[in-house]
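Now for the letters of each chain:
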Amino acid sequence: QVQVVESGGGLVQAGGSLRLSCAASGRTFSSYAMGWFRQAPGKEREFVARITTWSIATWSGRNTYYSNTVRGRFTISRDDAKNTVYLQMNSLKPEDTAVYYCAADHHRTTIAAVTSPTDYDYWGQGTQVSVSS
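Quick notes on the rules
Residue positions are counted from 1 within each chain, in the order its sequence is given. In keeping with the model being predicted, local features are shown solely for residues with a pLDDT of at least 70 and side-chain atom pairs are shown and tallied solely at 80 or more, while totals for entire chains, interfaces and linings include all residues. Hydrogens are left out, water is left out, and the side-chain values use all remaining heavy atoms of the structure. Numbering of helices and strands runs from the N terminus, with a helix taken as a DSSP run of H or I at least four residues long and a strand as a DSSP run of E at least two residues long. Note that a disulfide, as used here, is simply two cysteine sulfur atoms within 2.5 Å. Any two strands are treated as partners once DSSP identifies two or more bridges connecting them. As a rule, the C-alpha atoms of each element are fitted with a line to give its axis, helices using only the stretch in contact, and angles between N-to-C directions run from 0 to 180 degrees. Per-residue accessibility, obtained with a 1.4 Å probe over protein chains only, is compared with the maximum for each type, and a residue is labelled buried under 20%, exposed over 50%, and partly exposed between these values. Polar contacts here mean pairs of N or O atoms no more than 3.5 Å apart (in protein, one a potential hydrogen donor and the other a potential acceptor; neighbouring residues in sequence count only if both atoms are side-chain atoms).

A. Structural view of the environment of A81. By the element assignment, A81 lies in the loop between β7 (74–79) and β8 (84–89). Remark: the alpha-carbon pair of A81 and R27, spanning 54 residues in sequence, is separated by 9.9 Å.

Below you can see the structure in the form of structure tokens.
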């Protein structure tokens, strides 16, 4: 089992940047694929980005996957030595405003395109990101 805690949210102007962090407990963090989701008021939780566990695909950059709405602006990365996954968000837009959640997947760990919230086992409490126009 792993527990995750998000941080780094806040208020930023459109065009700005934020970096979210997700700190995980437990000694098996490296065995989990990690994802970021977000949920805006009145909307369903949506996939943002995912990074798999280390595999051959890591060398060719195929260990990450992004939604079409954030691809090219957001970057997900992980530091297994620190039990932490990051989401670097650049060129933020008002429509990026949401609560951002970190999630851990212990099953399809080497598959990048896993985007359904039901495929993730553990969730954090979320961190608010607000982008003003």
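After that view of the structure, there is still more to cover.
B. Up close: the state of the cysteines. As enumerated under the stated definition, the model contains one disulfide in all. Covalent S-S linkage joins C22 and C102, the inter-sulfur distance amounting to 2.1 Å. Disulfide C22-C102: the torsion about the S-S bond is -80°, which places it as left-handed. With C22 in strand β3 (residues 18–24) and C102 in strand β9 (residues 98–105), the pair connects residues that are 80 residues apart, well separated along the chain.

C. The sheet that holds β8, seen in detail. In space, the four strands of this open sheet follow the order β1-β3-β8-β7, with antiparallel pairing throughout. A strand with exactly one partner marks an edge of an open sheet, and here the two such strands are β1 (4–7) and β7. Direction aside, neighbouring strands of the sheet carry axes that sit 15° apart on average. As paired elements, β1 and β3 share four bridges and run antiparallel to each other. Bridge assignment links S7 to a residue of β3, and that residue is S21.

D. Here's a closer look at the pairing of β7. By the alternation rule, side chains of β7 split into F74, I76 and R78, which are all buried, and T75, S77 and D79, of which none is buried. One ladder, built from six bridges, connects β7 with β8; its direction is antiparallel. Bridging across to β8, F74 finds its partner in M89. Between β7 and β8, which pair antiparallel in sequence order, lie four residues; one of them, N83, sits at a positive phi of approximately 55°.

E. Structural detail: the side chain of R78. As for its position among the elements, R78 is in strand β7. In this structure R78 comes out as buried when scored by relative accessible area, which is 18%. Within the local environment of R78, its side chain forms a polar contact with the backbone oxygen of F29, the two atoms lying 3.0 Å apart. Polar contacts involving the side chain of R78 include one to the side chain of D80, which spans 2.8 Å.

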